[in-house]
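Inside the fold
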Amino acid sequence: MAATIRAGSDTIKIGKVFVSGKDRISINGDIVFEGKFKPGTSNIIPSGNREYHIESRIVSKTTGAITFHVTVYADGQRIHAALYDQTGKSVKNAHQARAN
């Protein structure tokens, strides 16, 4: 199941490619990343005049809960920063994250 995140005026979709098992990130419908997404590593994805910093973290190996830390910069200025669970819902801390 893909996480659909509303980050300000942008829609970020993070999911897996069915056949290859690679991770895929699309922003506003355009695929901007396809490859392996390592937990705990921040991925910097440029798109237009914006830069998206997306980091996934494993909250619980038992439940499979994951959080996404998303920060969006426009022209060098931070315009959005939030924490999301793997369903795309904004959470205040990692303990609120739910698994699918």
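Here's a quick rundown of the structure. (Residues numbered from 1 in each chain as written. Predicted model: local features only at pLDDT ≥ 70, side-chain atom pairs only at ≥ 80, totals over all residues. Heavy atoms only, no water.)

Further remarks concern the packing of aromatic side chains. Applying the stated criterion across every chain, the model contains one aromatic pair. Here the aromatic rings of Phe-33 and Phe-37 are separated by 6.2 Å at their centres, their planes lie at 70 degrees, and the arrangement is edge-to-face. Take Phe-33 and Phe-37: they sit in the same class, and that class is buried. (Phe/Tyr/Trp six-rings, centres within 6.5 Å; stacked < 30°, edge-to-face > 60°. Buried < 20%, exposed > 50% of the residue type's maximum accessible area, 1.4 Å probe, protein only.)

Counting residues in hydrophobic clusters, the biggest one holds 16 residues, and the most contacted among them are Ile-5, Ile-12, Ile-25, Ile-54, Phe-68 and Val-70. Secondary structure elements with two or more residues in this core: β1 (3-7), β2 (10-16), β3 (23-27), β6 (50-60) and β7 (65-74). The residues touching Phe-68, leaving out its near neighbours within four places in the chain, are Ala-3, Ile-5, Ile-14, Phe-37, Ile-54, Glu-55, Ser-56, Ala-82, Leu-83, Tyr-84, Asp-85 and Gln-86. (Core = buried A, V, L, I, M, F, W, Y, C linked by side-chain atoms within 4.5 Å. Helix = DSSP H or I, 4+ residues; strand = E, 2+ residues; numbered from the N terminus. Contact = heavy atoms within 4.5 Å.)

Looking now at the pairing of β6. Bridging between strand β5 (residues 42-47) and β6 involves six bridges; their strand directions are antiparallel. Of the residues in β6, the one forming a bridge with Ile-45 is Tyr-52. What sits between β5 and β6 in their antiparallel hairpin is a turn of two residues, with Gly-48 showing a positive phi close to 65 degrees. Across 10 bridges, the pairing between β6 and β7 is antiparallel. Pairing of Ile-54 across the sheet is with Val-70, part of β7. Hairpin connection of β6 to β7: four residues between the antiparallel strands, including Gly-64 at a positive phi of 80 degrees. (Pairing = 2+ DSSP bridges.)

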